[in-house]
Amino acid sequence: MERAQISAWQFFVLVFGYLLGTSFFFRPGGLIVIAKQDAWIVPLWAGVAGILMSLLWMHLADYYPGLSIVQICTQAGGRVIGGVMALMYIGYFVHLSSLITRNLGDFMSLTLMPRTPLTVFHLMLLIVTVYAVIKGVEAIARTTEVMFPIVTLTFMLIFLLALPEWNWNRFQGMFQFDVWSTMKESRSIFGFPYMEAITLMMLFPYIQRQRKGVFLLGIIVTTLLLSLITFFMIGVLGVTRASHTTYPLFLIVQEIQIGTFIEHLDSTIALILVIAIFIKLTVAYYSAVIGLSQLFQLRDRSWLAFSLIFLVAGLALGFDNILQNITFAREYYFEYMLLFAIIFPVILLVITRLKQIIGNTKRGSES
């Protein structure tokens with residue numbers, strides 16, 4: 001495994017950037033379609049579920065200090081069962097990398113460069129990502145740390161410039177939703193972004209102090225900001241407009257105009273989105289590369305990182321259009337993520353506890 005360490009602050013920035021990386025842009029519109037004026041409440045209960053899941057993962061990690069989720073699989077389940085589970089996790093990391101890559105391609109194609117082939121966007125982003133992955137987790141953490149204030153300050157500026165369009169009347173009819181049906185329809189937010197946080201267990205070995213507190217803090221801050229962003233979009237655009245556009249935040253930026261010198265900020269938000277997607281993609285891609293290296297005990301990951309470009313770029317073209325992508329995320333992603341976020345960790349915990357009980361019983365009989 002790579003010999004590296006990241007600080008608690010860098011880990012927080014990675015958690016925050018990974019969870020909020022694409023969700024702030026792609027999630028609010030879908031939530032507003034489902035819950036309308038109450039869409040800002042949905043991330044709050046999803047965040048509670050995310051915290052409970054993270055406690056499960058950290059409890060599992062406490063039994064195997066210094067090991068990633070791939071190593072935990074082989075350590076707990078053995079070469080056969082554990083190896084299959086580890087390989088499935090690696091397959092998920094590769095698939096997640098392709099989904100993130102496709103998100104960028106769809107956005108750029110629909111909003112800024114409709115005549116440019118998707119593969120061009122995919123390869124440009126993946127080449128930069130591969131370079132970061134080869135440099136290692138410390139380089140990824142430092143890059144994210146540098147980009148964090150740029151993204152944060154830009155969003156603060158956008159929100160301040162859009163505030164004149166705020167209207168409290170757009171919240172009329174609040175708190176009239178059916179809790180159970182809304183939770184059922186909005187279950188996809190549990191999968192994206194909260195269940196996706198299982199990927200961050202690949203970074204656990206690199207942080208030795210305050211891991212649990214920092215991980216929980218990252219989830220809490222992400223939850224509050226995702227709720228705030230959704231609340232902001234409702235107040236600025238209203239339910240009807242926000243629910244009828246794929247990228248509500250981009251629409252807000254397009255309409256910002258102060259005099260004749262602050263207008264057409266489309267390219268600015270596009271740049272911020274590319275940075276956010278890059279942060280999330282590097283974590284997912286790094287997890288896939290390091291997972292394969294750990295599973296097959298490979299020392300040089302450079303050739304592996306370059307080889308995966310073609311697989312990820314190919315999988316990114318698996319959807320014919322953005323509607324299929326949205327349908328998959330809304331209808332099937334939660335069930336898809338159940339296996340990796342809950343079922344496998346619970347199985348690993350059960351196996352670990354059974355091993356402990358059997359070991360204690362043997363030691364007791366020997367004494």
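In case you missed it, the structure is sitting above this.
Not measured: the values here are computed from a predicted model. (Residues numbered from 1 in each chain as written. Predicted model: local features only at pLDDT ≥ 70, side-chain atom pairs only at ≥ 80, totals over all residues. Heavy atoms only, no water.)

A.B. asks: Please clarify how a nonpolar patch on the surface should be interpreted in this entry.
C.D. replies: The grouping of Val-346, Val-350, Leu-354, Ile-357 and Ile-358 at the surface amounts to a nonpolar patch, some 420 Å² of accessible area in total. With respect to the helices, strands and loops of the structure, Ile-357 is situated in helix α15 (residues 333-366). What makes Ile-357 partly exposed here is its relative accessible area of 47%. (Patch = residues over 30% accessible without salt bridge, like charges linked within 9 Å, V, L, I, M, F, W, Y side chains within 5 Å. Areas by Shrake-Rupley, 256 points an atom, 1.4 Å probe, with all protein chains shown as cover. Salt bridge = Lys/Arg side-chain N within 4 Å of Asp/Glu carboxyl O. Helix = DSSP H or I, 4+ residues; strand = E, 2+ residues; numbered from the N terminus. Buried < 20%, exposed > 50% of the residue type's maximum accessible area, 1.4 Å probe, protein only.)

A.B. asks: Could you clarify how one ought to interpret the packing of helix α6 (residues 137-162) against helix α12 (residues 266-296) in this entry?
C.D. replies: The description of two packed helices rests on the angle between their axes and on the distance between the axes. As a packed pair, α6 and α12 sit with axes 10 Å apart at the nearest point and diverge in direction by 150°. Considering the angle they form, α6 stands roughly antiparallel to α12. At the point where α6 passes α12, the crossing takes the left-handed sense. Between α6 and α12, the residues in contact are Val-137, Ile-140, Thr-143, Thr-144, Met-147, Ile-150, Val-151, Thr-154, Phe-155 and Ile-158 and Thr-268, Ile-269, Ile-272, Ile-275, Phe-278, Ile-279, Thr-282 and Tyr-286, respectively. Partitioned by chemical class, the residues of the contact of α6 with α12 number 13 nonpolar, five polar and no charged. (Axes fitted to C-alpha atoms, helices over the stretch in contact; angles between N-to-C directions. Parallel < 35°, antiparallel > 145°, perpendicular 65-115°, else oblique. Left-handed = near helix turned anticlockwise from the far one by under 90°. Contact = heavy atoms within 4.5 Å. Nonpolar A, V, L, I, M, F, W, Y, C, P; charged D, E, K, R; others polar.)

A.B. asks: How should I be thinking about the nonpolar core in this particular structure?
C.D. replies: Soluble globular proteins tend to bury their nonpolar side chains together. Counting residues in each nonpolar core, the largest one holds 133 residues, and the members touching the most others are Phe-25, Phe-215 and Tyr-285. Here Tyr-285 is in contact with Ser-97, Leu-126, Thr-129, Val-130, Val-133, Ala-305, Leu-308, Ile-309 and Val-312, once residues within four sequence places are set aside. (Core = buried A, V, L, I, M, F, W, Y, C linked by side-chain atoms within 4.5 Å.)

A.B. asks: When you look at the pattern of salt bridges in this model, what are you seeing that I'm missing?
C.D. replies: Pairing is possible between side chains that carry opposite charge, provided their charged atoms lie close to one another. Under the definition given, this model contains six salt bridges. Its salt-bridge partner being Asp-106, residue Arg-102 comes within 2.8 Å of it at the nearest N-O pair. Highlighted residues: Arg-102 and Asp-106, both in helix α4 (residues 69-111), separated by four residues, approximately one helical turn. Among the ionic contacts, a cluster of salt bridges with common partners joins Asp-62, Arg-211 and Lys-212.

This is a description of form; function is not addressed.
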